[in-house]
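Take a look at the letters that make up each chain.
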Amino acid sequence: AAILFGEAHDLIPNEPAYIENQARAYMFGKNYLESIKLFKKLVERYNEDSGQSEYYMGAMYSVLGQKDQSCQALRLAVQKGYNPAKSLFEVTCLIN
């Protein structure tokens, strides 16, 4: 699925949903590094500012054992008002 979303994005490069779906497909396939790369692209290229991308990146960094990067991403998600990030930020960055 991830490859097909990438091909769709190549055909319609102004549609950020294809990158988001590709990133999620990689995330569900546990290819976290590729997923993180795509979520970063989504934020940088398309000014995605809901905080959801940072939330997903923070969760994946946490799974990868990269606490500093996880907390940085989750902090941004919380600052952008993405409420689901609050509890993960507290557990990952404040309690541990």
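Our subject is the structure that appears above.
Figured I'd write up the structure that's included with this text. Since the structure is predicted, the reported quantities are computational estimates derived from the model, not experimental observations. (Residues numbered from 1 in each chain as written. Predicted model: local features only at pLDDT ≥ 70, side-chain atom pairs only at ≥ 80, totals over all residues. Heavy atoms only, no water.)

Of regular secondary structure, the chain possesses six helices and zero strands. Along the chain, helices (α) and strands (β) appear in the sequence α-α-α-α-α-α when read from the amino end. Against the compact-globule benchmark of 12 Å for 96 residues, the chain has a radius of gyration of 13 Å, which places it among compact chains. In terms of principal-axis extent, the alpha carbons of the chain reach across some 45 × 25 × 15 Å. (Helix = DSSP H or I, 4+ residues; strand = E, 2+ residues; numbered from the N terminus. Rg over C-alpha atoms; globule rule 2.2 N^0.38 Å.)

The tally for this structure, following the rule as stated, stands at three salt bridges. A salt bridge links R24 to E20; its shortest N-O distance comes to 2.8 Å. Of this pair, R24 and E20 both sit in helix α2 (residues 16-28), separated by four residues, roughly a single helical turn. Residue K80 is joined to E54 by a salt bridge in which the shortest nitrogen-to-oxygen separation is 2.6 Å. One end of the pair, K80, is in the loop between α5 (67-79) and α6 (84-95); the other, E54, is in helix α4 (residues 52-63), with 26 residues separating them in the sequence. Classification of K80 as partly exposed rests on a relative accessible area of 31%. What makes E54 buried here is its relative accessible area of 3%. (Salt bridge = Lys/Arg side-chain N within 4 Å of Asp/Glu carboxyl O. Buried < 20%, exposed > 50% of the residue type's maximum accessible area, 1.4 Å probe, protein only.)

Among the structural elements, Q52 can be located in helix α4. The buried category is assigned to Q52, whose relative accessible area is 18%. Looking at Q52, its side chain comes within polar contact range of the side chain of R24, at 3.2 Å. Apart from the residues within four sequence positions on either side, Q52 is in contact with E20, R24 and Y82. (Polar contact = N/O pair within 3.5 Å; in protein donor to acceptor, adjacent residues only side chain to side chain. Contact = heavy atoms within 4.5 Å.)

Function-wise, these values are silent; they only describe arrangement.
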